[in-house]
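Working through the structure, step by step
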Amino acid sequence: MTSKFSTRNRLVVAGATAAVIGAGVVGVVTVQAQNPDPATRTPVVASVADDNLTQSTHLSIAAATEAAQAALDAAAQENQRVSVAVVDRNGNVIVTLRGDGAGPQSYDAAQQKAFTAVSWNAPTTDLTKRLDSAPHLADIDGTLFLGGGAPVQANGAPIAGIGVAGAPSGDLDQKFAQAGVAALG
């Protein structure tokens, strides 16, 4: 097996690594064995002018918690034991509530349904129909194409997703997720 690095380059990288570790440096260190002369590097310039910036709307943790609790309460009124997850526009979990007696699979499933809903800006019950014509959608990491995910929108754009899992049907999970959306007004 041949290596892409010559023995000299490996020694330079190993020596630099040992020096960094020995000095107790924390952070990112770059070693450029091919072109070490700083004068030959092109600086990267980033402008923070208005046309280079974007803004997005996010739910507060208080609003996410209110929505999750509303979904959990709607399920409890029908004697269903579920988990609820609320994710932001990027699919990051804001809050997760696991209801008393909810199955162990419901926790992850709720997060995946919330992620799926916000990613496609559509209820997951609608998205399950797309699998007939595009079955490979289900292979996308972190998604779950089962009823129980609802997007939260502001001005028509997705800002969060609510996922519910654990009821005996996706239709019930979807109903409880919609109750969470409705609690946000």
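Residues numbered from 1 in each chain as written. Predicted model: local features only at pLDDT ≥ 70, side-chain atom pairs only at ≥ 80, totals over all residues. Heavy atoms only, no water.

As for the confidence of the model for the protein chain
The predicted model of the protein chain has a mean per-residue pLDDT of 84, with 78% of residues at 70 or higher. Confidence drops under pLDDT 50 across residues 1-27; counting only partners more than four residues distant or on other chains, this segment forms 9 contacts. (pLDDT = per-residue confidence, 0-100. Contact = heavy atoms within 4.5 Å.)

Some thoughts on the pattern of salt bridges
Counted under the stated rule, the structure contains 2 salt bridges. With a closest N to O distance of 2.5 Å, Glu-78 and Lys-175 form a salt bridge. On the criterion of sequence distance, the pair formed by Glu-78 in the loop between helix H2 (61-77) and strand E1 (83-88) and Lys-175 in helix H5 (residues 170-182) is long-range, its members being 97 residues apart. Classification of Lys-175 by relative accessible area gives partly exposed; the value is 46%. Residue Lys-113 pairs with Asp-173 through a salt bridge whose shortest N-O separation is 2.9 Å. With Lys-113 in helix H3 (residues 104-120) and Asp-173 in helix H5, this residue pair connects regions lying 60 residues apart in the sequence. Take Lys-113 and Asp-173: they sit in the same class, and that class is buried. (Salt bridge = Lys/Arg side-chain N within 4 Å of Asp/Glu carboxyl O. Helix = DSSP H or I, 4+ residues; strand = E, 2+ residues; numbered from the N terminus. Buried < 20%, exposed > 50% of the residue type's maximum accessible area, 1.4 Å probe, protein only.)

Considering unusual backbone geometry
Even without glycine at this site, Asn-79 takes up a positive phi of about 55°. Within the fold, Asn-79 resides in the loop between H2 and E1. The exposure class assigned to Asn-79 is exposed, which follows from its relative accessible area of 65%. You will see that Asn-155, though not glycine, has its phi angle at about 55°, which is positive. On the secondary structure map, Asn-155 appears in the loop between strand E3 (149-154) and strand E4 (157-165). Asn-155 gets classed as exposed once you look at its relative accessible area, which sits at 87%.

Structural notes on the sheet that holds E1
Spatially, the 4 strands line up as an open sheet ordered E2-E1-E4-E3, and their pairing is antiparallel. Across the chains shown, the open sheet's two edge strands, defined by having one partner strand only, are strand E2 (93-98) and E3. Each strand of the sheet is rotated relative to its neighbour by a mean of 15°, with strand direction disregarded. Relative to E4, E1 runs antiparallel, the two sharing 6 bridges. Note on E4: the bridge partner recorded for Ser-83 is Ala-165. With respect to the sheet, H2 is in contact with E1, E2 and E4, its orientation differing from that of E2 by roughly 30°. (Pairing = 2+ DSSP bridges. Axes fitted to C-alpha atoms, helices over the stretch in contact; angles between N-to-C directions.)

Details of the environment of Ser-106
By the secondary structure assignment, Ser-106 is in helix H3. For the pair Ser-106 and Ala-85, spaced 21 residues apart in sequence, the C-alpha to C-alpha distance is 9.8 Å. Beyond its immediate stretch of four places on either side in the chain, Ser-106 contacts Ser-83, Ala-165 and Gly-166.

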